[in-house]
Amino acid sequence: MALVALGLALVAPCLLLTPPDAAAQVYLVAPDGETASRPTRAKPSGATGPEGAPEDRQGVEVRPLYSLGLDNFGVLGTGRGGFGPRVWEGMSRKDLFALIEAMPVGVPSPAMNDLARRLLLSEGQPDDSRPGPGAGTRTGVEAVNAAGRASATLARKPGSAAAASAAHGADVAPETAAATVTGTATGPGTVTAGLQETGFLSLRIRKAFQMGFFEGGLSEMVRRLPETTLPPDLFLLSFRTRAVVPWDASSACELPVPDTLPEPSRDAIALFCTLWVGDTLVDRARIDAIRAARGRDSLFLYAAERLAWLSGEPVPDNPHLDALGLSLMQRWHLPLPRVDLDTLRPWQLNAVARSYQPGLQGLAAAEKARTTGALSFSALVQMYDGTDPAGKSAALTTPEGRAAFEKRIRQRWTGRGVRGPDVETIRELAAGLARLRRQDSTGWLAFADCVAAITDTGVPNPAFAPHAAEIALALFGANETRRGLEWAEIALSNREITPSARRVLRVLRALADRRTTVRTLGPEAFTFSDRAPLPLPPNLPVRIGRLQDAAIKGNRGETALRALDVLGTAGGPLFAPADVLYATLEALETAGLGDDARRLAIEALATRGRCD
């Protein structure tokens, strides 16, 4: 106990800071991208502790979450691709919030989305946010650990979402979600964490949720937050993130519900947790009240009525695919409706892809989710392998056709054992890749991952040279640089290779060497003629100028954010005009982000490079 008191005492000197204006809070009862009214904040002082806590409350002091430094919390350190705690140096809070809010969502580029993921989940706080005396050197991880220790004595069950659901619509008033530290034999308690917004952390989690970075670190991030000290905005983001991910959904209903949570959100959570455990005794009036508060139909309300045997109506066309509804549909194997995948955000694509409904919609969602960074490489390969190719055309124009083609090539590739594939298999694979790359660059980018899995066995040999260029491009597109180099060397050994293919492969080979820079290659290396550019905003030159200014100043975080802004506006590496792409790559390189510039360049060249 003495050690606990000593550890908690380190938190006490933190000053109470006024939080900045946070981004719009996200409530579970509001459609994605919309907001509900803010709750009235409860004053944390004088709150009674959980049942069974000691009577002595002397010396207890309440501090906001900002005092604990949660605003700069992240799970990606420099050893895991993070940018470090000083990533936002040189940026004003206003620009930082605006650029993260405007970060492009759904751009088909694994390289771009990986850069966005690392920015959002890295540790670091705005340059002008003052952590308070004694907290300046504390990392976000240390702050989370401190907050967790500070809240360890608060019992979870009385105010948990699961307990709220057991009330079946009764008024639930969970205990105050502030952690209580009581006096010990060595002295009084030190600090608790109060209910306070953490605007920057909420903004980053909300954006990472929209982009579907669950497997990329977001799920880990919300699991490591102190469960009993979360303000309403962070609680709702944590709950929704857990609920939509199959392996975390059960833990969502164990989270303590803040007493300042708006009643509609509280009712929606209670209803979800009731249905999640299989209890279908739900009053229709409760569902109608949630619908009235929401103001629109949603998949959640449809699922609730079906599971409670209150309706046998088919799912409405194009319902709002909210997190709770998708989670219940997956949990109880309800068929998802047909939806326009082009209107979905990456996190929704991820959920549709993981649904229990196989077929064209699931595979198409999986491909789109993969190219937008919302689905892992291994998950897409498993979904291809799990598709029954019987009676399906192996044409690469549809997701099912690509799955059938992948299975056929894989069987022929691996069926020869250590001898590896024959020339005919290589020829067919290369021809299919060439057609797909010309017709559907996004589908090609997803299918490239499967090519990487297929070619994992067998060593290329000179007999494959006439067909090796397309396989090399696919491997480079899948970020398999080493194997891409092996196939590129085989292709370049062919004297009959076309000049355009030779040029693209030589540039890719140069970029694979970290000593080669984009500036060394020059803009002529990024000349494309096979893509019609998308309409560009008139202020794009101004945005490029700001990107270049940030790069010259060495502001790595700002440069990365502005690079995402410029490239996202231009359609990403697959569609950006050559001059816009080169300016972005050069700025990243100037700011010391050469590896990111190199990966974006390789992705663009592999996808758009002409080999005819």
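Everything below is about the structure printed above this text.
Quick look at the structure, then.

1. Focus on the packing of aromatic side chains
- By the definition in use, this model includes 12 aromatic pairs.
- Residues Tyr-384 and Phe-447 carry aromatic rings whose centres are separated by 6.1 Å and whose planes lie at 70° to one another, so their mutual orientation is edge-to-face. Of this pair, Tyr-384 sits in helix 16 (residues 377-385) while Phe-447 sits in helix 19 (residues 441-454), and the two are 63 residues apart along the sequence.
- Judged by relative accessible area, Phe-447 falls into the buried class, the value being 0%.
- Aromatic pair Trp-413 and Trp-487: ring centres 6.4 Å apart, planes at 45°, arrangement tilted. One end of the pair, Trp-413, is in helix 17 (residues 399-414); the other, Trp-487, is in helix 21 (residues 481-492), with 74 residues separating them in the sequence.
- Owing to a relative accessible area of 2%, Trp-487 belongs among the buried residues under this scheme.
- Among the aromatic residues, ring-to-ring pairing joins Phe-235, Phe-239, Phe-272 and Trp-276 into one connected group.
- Over the ring of Phe-200 we find Arg-204, and its NZ or CZ is 4.9 Å from the ring centre.

2. A few points about the nonpolar core
- The biggest cluster of nonpolar side chains holds 172 residues, and the ones touching the most others in it are Phe-239, Phe-272, Leu-505 and Phe-526.
- Examining the composition of this core, we find that 10 residues originate from one element, helix 19, more than from any other.

3. With respect to the pattern of salt bridges
- Applying the stated criterion across every chain yields a total of 32 salt bridges.
- The residue Glu-220 makes a salt bridge to Arg-80 at a minimum N-O spacing of 3.1 Å. Placement of the pair is Glu-220 in helix 7 (residues 214-223) and Arg-80 in the loop between strand 1 (62-63) and helix 2 (93-101), with a sequence separation of 140 residues.
- For Arg-80, a relative accessible area of 44% puts it in the partly exposed group.
- Asp-114 is paired through a salt bridge with Arg-118; the nearest N and O atoms lie 3.6 Å apart. Separated by 4 residues within a single helix, Asp-114 and Arg-118 lie in helix 3 (residues 110-121), roughly one turn from each other. Here Asp-114 matches Arg-118 in class, with each residue buried.

4. Structural notes on unusual backbone geometry
- If you check the backbone angles, His-333 has positive phi at about 55° while not being a glycine.
- Looking at where His-333 falls in the secondary structure, it is placed in the loop between helix 13 (323-331) and helix 14 (346-353).
- The phi angle at Asn-479 is positive, at roughly 65°, despite the residue not being glycine.
- Residue placement: Asn-479 occurs in the loop between helix 20 (468-477) and helix 21.

About the criteria used
Residues numbered from 1 in each chain as written. Predicted model: local features only at pLDDT ≥ 70, side-chain atom pairs only at ≥ 80, totals over all residues. Heavy atoms only, no water. Phe/Tyr/Trp six-rings, centres within 6.5 Å; stacked < 30°, edge-to-face > 60°. Helix = DSSP H or I, 4+ residues; strand = E, 2+ residues; numbered from the N terminus. Buried < 20%, exposed > 50% of the residue type's maximum accessible area, 1.4 Å probe, protein only. Lys NZ or Arg CZ within 6 Å of the ring centre and 35° of its normal. Core = buried A, V, L, I, M, F, W, Y, C linked by side-chain atoms within 4.5 Å. Salt bridge = Lys/Arg side-chain N within 4 Å of Asp/Glu carboxyl O.

So, to be careful, I would describe these as geometric facts and stop short of saying anything about function.
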